[in-house]
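Results of the structural survey
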Amino acid sequence: MERGSVVANLAADLGIEDGGLAQREVKLDIFHNKKYLDVNKTTGELFIVEKIDREYLCPSKTSCFLKLDVIIESPLRIFNIELGITDINDNAPRFRRDRVELDVSESATPGERFSLPNAVDPDVGINTIKTYRLSVSEQFTIEIQTGSDGTKYVDLVLTEALDRERTAVHNLILTAVDGGVPVRSGTANIIVRVQDTNDNAPQFDKRFYTVNMTENTPIGVQVFKLNATDLDEGPNAEIAYSFTLYTSERTQDAFSLNPNTGEITVKGIIDYEDMKLYEMHIEAKDKGTPPLQGQCKVVVHVTDVNDNYPEITIQSIQNTINENIHVGTVIALVGIRDKDTGDNGKVSLSINHPLPFILNKSSDSPIHYKLVVSEPLDREAVPEYNVMFIVTDGGAPPLSDNETITVRVLDVNDNAPQFPQSFFTIRVMENNAPGSLLGSLTAFDPDLHENQYLVYFILEREITNTSISMLFSINPENGNLYAMKTFDYEIEKEFRFHIEARDSGVPPLSSNVTVHIIIVDQNDNTPVIVSPWRAHGSVVEEKIPRSTDKGSLVSKVIAIDTDSVLNSRITYQFLQVTDATLFSLDQYNGEIRTMRMFSYRDPRHQRMVVVAKDNGEPALSATVTIKLSTVETAVKAHSDMTEVPLGYDIFSDLNLYLVIGLGSVSFLLLITILVTIVIKCQKPKTSKAAPPCRNSVLSERNSTIADSTLVSNDAYWYSLFLAETRKGKLVVRQPAPKGSRYIVSSLPRSTGLTETSDSAASTLQLLDVNDNVPKFPQSFCTIRVMENNAPGALISSPTAYDPDLHENQYLVYFILEKEIANTSISMLFSINPENGNLYAMKTFDYEIEKEFLFHIEARDSGVPPLSSNVTVHIIIVDQNDNTPVIVSPWRAHGSLVEEKIPRSTDKGSLVSKVIAIDTDSVLNSRITYQFLQVTDATLFSLDQYNGEIRTMRMISYRDPRHQRMVVVAKDNGEPALSATVTIKLSTVETAVRTHADLTEVPLGYDIFSDLNLYLVIGLGSVSFLLLITILVTIVIKCQKPQTSKAAPPCRNSVISERNSTIADSTLVSNDAYWYSLFLAETRKGKLVVRQPAPKGSRYIVSSLPRSTGLTETSDSAASTLQDFYDGI
């Protein structure tokens, strides 16, 4: 049959379901050195892989069977199969000699027989030699005989007497014909030479001899001696012995025959297992002419001896087993045999010394043993076993042999990683470089290979609203711990988190260690002088009275240092001073005091440069220049200021801003008081020859103004004041409207007015009292800010309203200081103190900060100041600004991931798993997976949600050995961001563990932010805004009030007759003494003459334009009313 021809269906014959062989290990064990057959594991068909030659397999045998064992695992089963090989007529008969010469005496009688060489046909049955044919001859014919083994022999028979003179040589053709279809034949030339008479042939004692001998008889030993006799004499009686052509070549190789003596001796190795019986066909031929011959048959029986060692055949073995293999599992199948027979062929099998394995006999013919696990295994105790199989036969003496196999125990992930200690403390100097190595935390795992390969993770947690992965990263391969940012002792002093070591076994085991990071302080902060406050680089100007006593406090320098206790200790000293004998500086508290009284010889201006130096190594310092001016007027010195001791150990940013705020408010209060004093101390202008008039601002009921005659306002305002002109008093009847101003005219008391008597118009103004608290439109304000904003961007404008006036209405906005994530709120936000505009001081990242909650205070400038606050909730809105990061399978940046799987991997097996993470918000961080490139789309499938790559079918030998897949992980943002990983998959014949149960771990990545930069920008911005606020406040307070615009002219008329009127303005008459002369109808704006006025009299009438009240810009107009009528 041709190669590939199907012989049988094993699955059907063995009763195995279709496809069952594909899921089980199948092995053919053929007892020959060639692999003639193989099994299709899919269909179960047994097919030919190499041409089968029956004559080669079974020489000289009529029946031929190909024996094989079918070994099926999972579970293990063995089937013994004998495959019958049917002969076909593919060989033609062949004579051993194609030319045979016979010498026949002419005296031969008819019927004499001559042996001819028989033909050999390797085929059997009907395909072997069926008959012989002889060419046409009158003297000869052939006779066919059949031997005991079925072999056909042919003899040449003389049918008629020979006549040498008639025919000296007979040329005959002997044809051997087989019985196959088509018929095949072979020929040999028979040459019969007719010799002269030699009519007596040699004769043996017997025609059949039987000899017994043992195997392994030494070469040269005589086995038997033949004796033939010839009655002739002379040369015709000389006999020569020889093997006939019926004697096989194998027999002739084993024995030799002495042609002269007839002795049969051992020539080759006699092996019972090779051949148990030898047949020798011997002829004795005389030397007559023609020679005559006689024949006999010698049969030698070989007796077996125990000369063969038993054999061991390892038919199936698992050289590697898992340490968690179940007891009773078969790991090897061993076959034994012995070529000897009887007791010599009885064999037994054992193993050398006690091992966790036992032998179980599985079959008797042939003999097979199973090597079975008898005890639990532990690789960490014994990693491999050398199992020696010893086979012994039952001969005397017994023979034995051995075979050693090595069974390696594969590791199972049964040991968790262990750290040397459970708690690590690492000290890190602040201002470290981002990415610097902090330490190496390594664990040990006694397992092997992937079970020993450890991956290190930082267990995620939030520290002050910041993910720990944003602060530290760890090399997942070697446990090196790195800092992801520069740490500042003044912001973060320590961190505590956990690191997990996880092996790559299935399932993975892990343990963790607690890491305590302590930030060590450096002297990296220069002292900051907070008092006396000054704009950056400017000179502080102070004024003190020249009469200041010795020991008086002139100024106090306060500096703060945000370093640790040791580095933040401040000492003060003069760097420059105009007169070192005049001032002293306390090196510990910074107080500058006078050492003596000022003299007129001392310069008016004194300049001092004070340096504040910290205690660090090297020491850092800051300076402040104080320009001191002495004045003659009384200026309050600093000696009576309340001194608040500076707590060096606990001074914080909050104290700093409180000091600044207190200084600002104190400065505003001082300016307010000074302005009030100046206003109060101003002397009003008086008219010529008019006595001085006392004008006061009335602030409470029943206040009086004496020493002059007062004239109240008109009747419309009369309800507010009561003018007791006889007593010179002005009494407040009820509270006046806020901000109102009233003009009161007063005249000196006399019996009458002269031309030189002038009235004085005074302004009575009601000042505002700070009795209203600023109010915000709402008490809670929510502001949404998109992440990645520009630093300095305007966020919102939370403004408040105060119904008071002037400084009581002027609002200043503050952010109430608090710490958010170890960061001062002023480093994150700033507010314009004048208009309440709120600005972001840094770029916010949703992945680091998601929200902020703080308070804004609006404070007016009244005395005492009033304030209210609003709660501000800043919500950071996420953007899709983070690309997915592939954390499993882990690989160096941009490199390929190489995986190996066995070619026998089943359909649906997990090959690899891609895991990506996205630090954006929930919506933007949803990851989907898909193939970007794949070598064979029919071989692998990818789950778009969990990233699992599985086989869609079995891997065949036609599939390429190397498969390449490019997987893209895409997030759900707009626009979507993605990352890719390239996996190179190689198939191998040996079992390689897949990644079915690998747990990935998420990789720390470089997420260092410019927090320090933004903190510096925030500090600078807040300082700048504070400086501008103070400067603006000083400028506003120092401005002179605008003078009122000239009042519109009043219509002043000369009254020439009674009942004359002056209209278009509100008129105010003189006091009650003169009230009998005129009637002021203020509602109508008229002045009525009641009676004639004295000649030459002059009256001062103050008029105001009609309004609901008086303001600072409403001025009265004093008009002179003079009577020119004579005789009135």
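Here the focus is the overall build of the chain. Along its length, the chain carries five helices and 78 strands. When burial is assessed residue by residue, the chain has 44% of its 1128 residues classed as buried. Counting only contacts in the chain whose residues sit at least 6 apart along the sequence, the fraction spanning at least 24 positions is 67%. Carbon and sulfur atoms provide 52% of the accessible area of the chain, an area that totals close to 58,900 Å².

A few words now on the pattern of salt bridges. Enumeration according to the criterion identifies 26 salt bridges in this entry. Between Glu101 and Arg99 there is a salt bridge; the shortest N-O distance is 3.1 Å. Residue classification places Glu101 among the partly exposed positions, given a relative accessible area of 36%. Arg99 sits in the partly exposed class, given a relative accessible area of 46%. Taking the shortest distance from any N to any O, the salt bridge between Asp936 and Arg953 comes out at 2.9 Å.

For the coordinates displayed, the defined rule picks out one disulfide. With a sulfur-sulfur separation of 1.9 Å, Cys58 is cross-linked through a disulfide to Cys64. Measuring the twist about the S-S bond at about 65°, one finds the Cys58-Cys64 disulfide to be right-handed. Given the relative accessible area of 7%, Cys58 is considered buried. A residue is classified by how much of its surface remains accessible, and Cys64, at 4% relative accessible area, is buried.

The strand order β43-β50-β49-β46 describes an open sheet built from four strands, whose pairing is mixed. Two strands lie at the open edges of the sheet, namely β43 (540-545) and β46 (571-577), each paired on one side alone. Across the sheet, the axes of successive neighbouring strands diverge by a mean angle of 30°, strand direction being ignored. Note that β43 and strand β50 (residues 621-631) share six bridges and pair parallel. Paired with Glu542 across the two strands is Leu628, which belongs to β50.

To continue, consider the nonpolar core. Ranked by size, the top nonpolar core spans 27 residues in total, and within it Phe472, Leu481, Phe497 and Ile517 carry the most contacts. When residues of this core are traced back to their parent elements, those giving at least two are β33 (423-429), β35 (454-458), β38 (472-474), β39 (480-483), β40 (494-503) and β41 (510-520). Each residue touching Ile517, except ones within four places of it in the same chain, is listed here: Ile426, Val428, Leu438, Phe472, Leu481, Lys493, Glu494, Phe495 and Phe497. If you look at the next biggest cluster of nonpolar residues, it comprises 26 residues, including Ile783, Ile825, Ala840 and Val872.

So, about the sheet that holds strand β13 (residues 152-158). Adjacent strands of a sheet form backbone hydrogen bonds with each other and so pair up, either parallel or antiparallel. Sheet architecture is open: three strands sit in the order β9-β13-β12, paired in antiparallel fashion. Every interior strand has two partners, whereas the edge strands, β9 (113-115) and β12 (140-146), have only one. Across this sheet, the average inter-strand angle for adjacent strands is 35°, counted without regard to direction. Here β9 runs beside β13; their pairing, made up of three bridges, is antiparallel. Directly across from Ser115, in β13, lies its bridge partner Asp155.

This model, assessed by the stated rule, comprises 18 aromatic pairs. Seen from their ring centres, Phe95 and Tyr132 are 6.2 Å apart, and the 55° between their planes marks the pair as tilted. With Phe95 in strand β7 (residues 94-95) and Tyr132 in strand β11 (residues 129-134), the pair connects residues that are 37 residues apart, well separated along the chain. Neither Phe95 nor Tyr132 differs from the other in exposure class; each is buried. Above the ring of Tyr272, the side-chain terminus of Lys276 is found at 4.9 Å from the ring centroid. Stacked on the ring of Phe814, the Lys or Arg Arg859 has its end atom at 4.6 Å from the ring centre.

The omega torsion across Glu617 and Pro618 is -5°, close enough to zero to call that bond cis. Within the secondary structure layout, Pro618 lies in the loop between β49 (605-613) and β50. Cis geometry marks the peptide bond from Val863 to Pro864, where omega comes out at -5°. By the element assignment, Pro864 lies in the loop between β63 (851-860) and β64 (867-877). You will see that Asn788, though not glycine, has its phi angle at about 65°, which is positive. Structurally, Asn788 is set in the loop between β56 (780-786) and β57 (794-796). Judged by relative accessible area, Asn788 falls into the partly exposed class, the value being 37%. Even without glycine at this site, His806 takes up a positive phi of about 55°. Within the secondary structure, His806 is located in the loop between β57 and β58 (811-815).

A few words on the side chain of Arg502. Relative to the assigned elements, Arg502 resides in strand β40. Overall, the relative accessible area of 16% leaves Arg502 in the buried class.

With 77% of its residues at a pLDDT of 70 or more, the chain has an overall mean of 78. When the criterion is pLDDT under 50, residues 634-652 qualifies, and its contacts beyond four places in sequence or with other chains add up to 26 contacts. Note that residues 685-718 has pLDDT below 50 and, in this model, 93 contacts with residues that lie over four places away or in other chains.

Turning next to the environment of Ser115. Position of Ser115 among the secondary structure elements: in strand β9. Judged by relative accessible area, Ser115 falls into the partly exposed class, the value being 25%. Considered as a pair, Ser115 and Glu143 are 28 residues apart in the sequence and their alpha carbons are 9.7 Å apart. Residues within four places of Ser115 in sequence aside, it is in contact with Leu102, Val154, Asp155, Tyr246 and Gln295. For Ser115, the side chain forms a polar contact with the side chain of Gln295, separated by 3.1 Å.

Moving on, we come to the side chain of Arg546. Within the secondary structure, Arg546 is located in the loop between β43 and β44 (553-556). In this structure the side chain of Arg546 is engaged in a polar contact, spanning 2.8 Å, whose partner is the backbone oxygen of Ser599.

Quick look at the environment of Glu430 now. In this fold, Glu430 is placed in the loop between β33 and β34 (437-440). The buried category is assigned to Glu430, whose relative accessible area is 2%. The sequence separation of Glu430 and Val520 amounts to 90 residues, and the corresponding C-alpha distance is 5.8 Å. With sequence-adjacent residues up to four places away left out, Glu430 is seen in contact with Phe487, Asp488, Tyr489, Glu490, Ile519, Val520, Asp521, Gln522, Asp524 and Asp563. Of the polar contacts made by the side chain of Glu430, one reaches the backbone nitrogen of Gln522; its length is 2.6 Å.

Bringing the environment of Gly44 into the picture now. Of note, Gly44 is situated in the loop between β3 (37-39) and β4 (45-48). For Gly44, a relative accessible area of 1% translates into the label buried.

Reading guide: rules and limits
Residues numbered from 1 in each chain as written. Predicted model: local features only at pLDDT ≥ 70, side-chain atom pairs only at ≥ 80, totals over all residues. Heavy atoms only, no water. Helix = DSSP H or I, 4+ residues; strand = E, 2+ residues; numbered from the N terminus. Buried < 20%, exposed > 50% of the residue type's maximum accessible area, 1.4 Å probe, protein only. Contact = heavy atoms within 4.5 Å. Areas by Shrake-Rupley, 256 points an atom, 1.4 Å probe, with all protein chains shown as cover. Salt bridge = Lys/Arg side-chain N within 4 Å of Asp/Glu carboxyl O. Disulfide = S-S within 2.5 Å. Pairing = 2+ DSSP bridges. Axes fitted to C-alpha atoms, helices over the stretch in contact; angles between N-to-C directions. Core = buried A, V, L, I, M, F, W, Y, C linked by side-chain atoms within 4.5 Å. Phe/Tyr/Trp six-rings, centres within 6.5 Å; stacked < 30°, edge-to-face > 60°. Lys NZ or Arg CZ within 6 Å of the ring centre and 35° of its normal. pLDDT = per-residue confidence, 0-100. Polar contact = N/O pair within 3.5 Å; in protein donor to acceptor, adjacent residues only side chain to side chain.

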